[in-house]
There are 2 protein chains.
Amino acid sequence: MATILIVDDENDIRELITLNLRREGYDTLEAADGLQAMKKARKKIPDLILLDLMLPEKDGYSVFRELKESNLTQNIPIIMLTARGKLDERITGLSLGADDYVTKPFSPKELLLRIKNILHRTQSHPAGTIIEIGDFRLDKNHLVLHLAGAAIDLTATEFKLLVVLIESGGHTQAREDLLRQVWGYNDLTQTRTLDTHIKRLREKLGDFSHQIETVRGVGYRFISDGKASS
Amino acid sequence: MATILIVDDENDIRELITLNLRREGYDTLEAADGLQAMKKARKKIPDLILLDLMLPEKDGYSVFRELKESNLTQNIPIIMLTARGKLDERITGLSLGADDYVTKPFSPKELLLRIKNILHRTQSHPAGTIIEIGDFRLDKNHLVLHLAGAAIDLTATEFKLLVVLIESGGHTQAREDLLRQVWGYNDLTQTRTLDTHIKRLREKLGDFSHQIETVRGVGYRFISDGKASS
DNA sequence: AGTAAATGTGACACAATTGTGACAAGACAC
DNA sequence: GTGTCTTGTCACAATTGTGTCACATTTACT
């Protein structure tokens, strides 16, 4: 699951947060000051950072800037923590590019909520490389399908086919359309490769294979399992 | 010793700073406006730039951006000077990527302190020349890779390739992109040199070679751990 | 039921991609 | 010059992906 780096100089608070996050299944890293934070972040790149603005030595701003300057860490979402809802800090934090902002004292519940929110919407993926629908999560970058937790490798063609099906939002795609979109066949070539690939896809989908439905005489469609339809 | 470029339109202030810096043993360059600043910076690349935000002609922001856009100067740390601690300027300065920020009037002592600070942290490890991730530590200056303690010599090309892979943060880099970024090939040259270099890199990585993963039909990616993350 | 058409399936051949070792040209130091 | 190092290319090997085929199964229709 996601790894979260907690940067705060107060031990109590750090531990409190750690405890709460661990209970929810997150991995946690802790740092008491900016230097430690940078070190840990470089060692194991976290998925999200909780950053206290009041730090000894290097203050939170500097750490923030450093994180945003490094290629390795600049895309990690950051939630700022601060002692009180001082307006100026709030402004500074957000305009610097922090992804959210929580004022101490805060309830663990509130913090968790925000973390979930942010992780869900970012998961540190560049926009548009992830398609999520139901239990399916397609990573266009790696040609990997995450299905109910498991990672499934797809070949380029399989991937393309699945994407086209999924992106047509529950509508049936005609055989010819699929052949055109996935294979670039423009003539009505007599080929069975589509059938074969559908079969291979279903094989890899395992229990979820029924979500590719064949519409006899027309083509295929992807059904998103009753719920999250579109 | 270090050379510092001072950009300010007020002669008095420029001279005051120059005096103080010289006394500390720094070399100084002066510029009264943005144009001069760019010229001087190109002539003798300074180790640090003090940049006033209020300039005639081109304002400080433009100069800043120009400096950051040029290959020659983009890594030089910049300390912004400004007439007052106006909040909005502070924000702009920091979010543009200035390394520090001093408000006029300032005491020479304060300025010197900040200069020392920044020079110290940027010169011991000139901006971003060390990349650390997992067991990998790359020293851009020496083209050396420290892997779990052992020092491994890499050639220039191997090094560049590894850096590009690592810096893309777990994302797959397409073959063409790698060829463009590492070799500067812009045409779709038919070459196998990428494959060869990947092989050589993996050879040198030994037990860690699996961290360079091939994504068939696309390119390669660096994975920072056993698991498929991001 | 019986039949024809459409689709599913497994095996196979070959296509395409990537890995690998050898080699030669160039760069560079000595 | 010689020797070492680096780099790109090549031929070939290994691996993986893809399309076709024959045959099985399902479906729509009479």
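Note that the coordinates shown come from a computational prediction; the quantities given were computed from them, not determined experimentally. (Residues numbered from 1 in each chain as written. Chains lettered and ligands numbered in written order. Predicted model: local features only at pLDDT ≥ 70, side-chain atom pairs only at ≥ 80, totals over all residues. Heavy atoms only, no water.)

(A) Here's a closer look at the sheet that holds strand β12 (residues 219-222) of chain A. Residues and elements named next belong to chain A. Across the sheet, 3 strands lie side by side as β10-β12-β11; this open sheet has antiparallel pairing. Every other strand in the sheet has two partners, leaving β10 (173-174) and β11 (212-215) as the edge strands with one partner each. Pairing geometry for β10 and β12, over 2 bridges, is antiparallel. Its bridge partner being in β12, Q173 is matched across the sheet by Y220. The strands touched by helix α8 (residues 193-205) are β11 and β12; relative to β11, the strand with the most contacts, the crossing angle is about 150°. (Pairing = 2+ DSSP bridges. Helix = DSSP H or I, 4+ residues; strand = E, 2+ residues; numbered from the N terminus. Contact = heavy atoms within 4.5 Å. Axes fitted to C-alpha atoms, helices over the stretch in contact; angles between N-to-C directions.)

(B) Structural context of the protein's contact with DNA strand D. The local shell around DNA strand D holds 22 residues, among which T157(A), T191(A), T155(B), T157(B) and T191(B) are the closest. Among the atoms of DNA strand D close to the protein, meaning within 4 Å, 61% are from sugar or phosphate groups. The separation between a base oxygen of DNA strand D and a polar side-chain atom of R200(A) is 2.6 Å. Those elements giving two or more residues to the surface near DNA strand D turn out to be α8 of chain A together with α6 (156-167) and α8 (193-205) of chain B. In terms of residue class, the surface near DNA strand D is made up of 4 nonpolar, 12 polar and 6 charged. (Near = heavy atom within 4 Å. Polar contact = N/O pair within 3.5 Å; in protein donor to acceptor, adjacent residues only side chain to side chain. Nonpolar A, V, L, I, M, F, W, Y, C, P; charged D, E, K, R; others polar.)

(C) Quick peek at helix α6 (residues 156-167) of chain A. Residue and element names in this part refer to chain A. The first and last C-alpha atoms of α6 sit 16 Å apart over 12 residues, in line with the 16 Å expected at 1.5 Å per residue. Buried residues of α6: E158, F159, L161, L162, V163, V164, L165 and I166, and no others. Positioned one or two residues after α6, G169 has a phi angle of 50°, which is positive. (Expected span 1.5 Å × (residues − 1). Buried < 20%, exposed > 50% of the residue type's maximum accessible area, 1.4 Å probe, protein only.)

(D) Layout of the side chain of N141(A). As for its position among the elements, N141(A) is in the loop between β7 (136-139) and β8 (144-147). A relative accessible area of 14% places N141(A) in the buried class. Within the structure, N141(A) has its side chain in polar contact with the side chain of H171(B) (distance 2.9 Å).

(E) Expanded view of the side chain of D195(A). One can find D195(A) in helix α8. Those residues in contact with D195(A) that sit more than four places away from it in its chain are R175(A) and Y220(A).

(F) Summary view of the protein's contact with DNA strand C. If you check the shell around DNA strand C, you find 21 residues, and the closest are R202(A), G217(A), Y220(A), R202(B) and Y220(B). Backbone atoms, meaning sugar and phosphate, make up 51% of the atoms of DNA strand C lying within 4 Å of the protein. Y220(A) places a side-chain nitrogen or oxygen 2.5 Å from a phosphate oxygen of DNA strand C. Those elements giving two or more residues to the surface near DNA strand C turn out to be α8 and β11 of chain A together with α8 of chain B. It is α8(B) that provides the largest number of residues to the surface near DNA strand C, a total of 4 residues. In terms of residue class, the surface near DNA strand C is made up of 4 nonpolar, 4 polar and 13 charged.

(G) Here's a closer look at unusual backbone geometry. One non-glycine residue with positive phi stands out, namely L143(A), at about 55°. With respect to the helices and strands, the residue L143(A) is situated in the loop between β7 and β8. The residue A148(B) is not glycine, and still its phi comes out positive at about 50°. Position of A148(B) relative to the elements: it lies in the loop between β8 (144-147) and β9 (150-153). The class for A148(B) is exposed, based on a relative accessible area of 52%.

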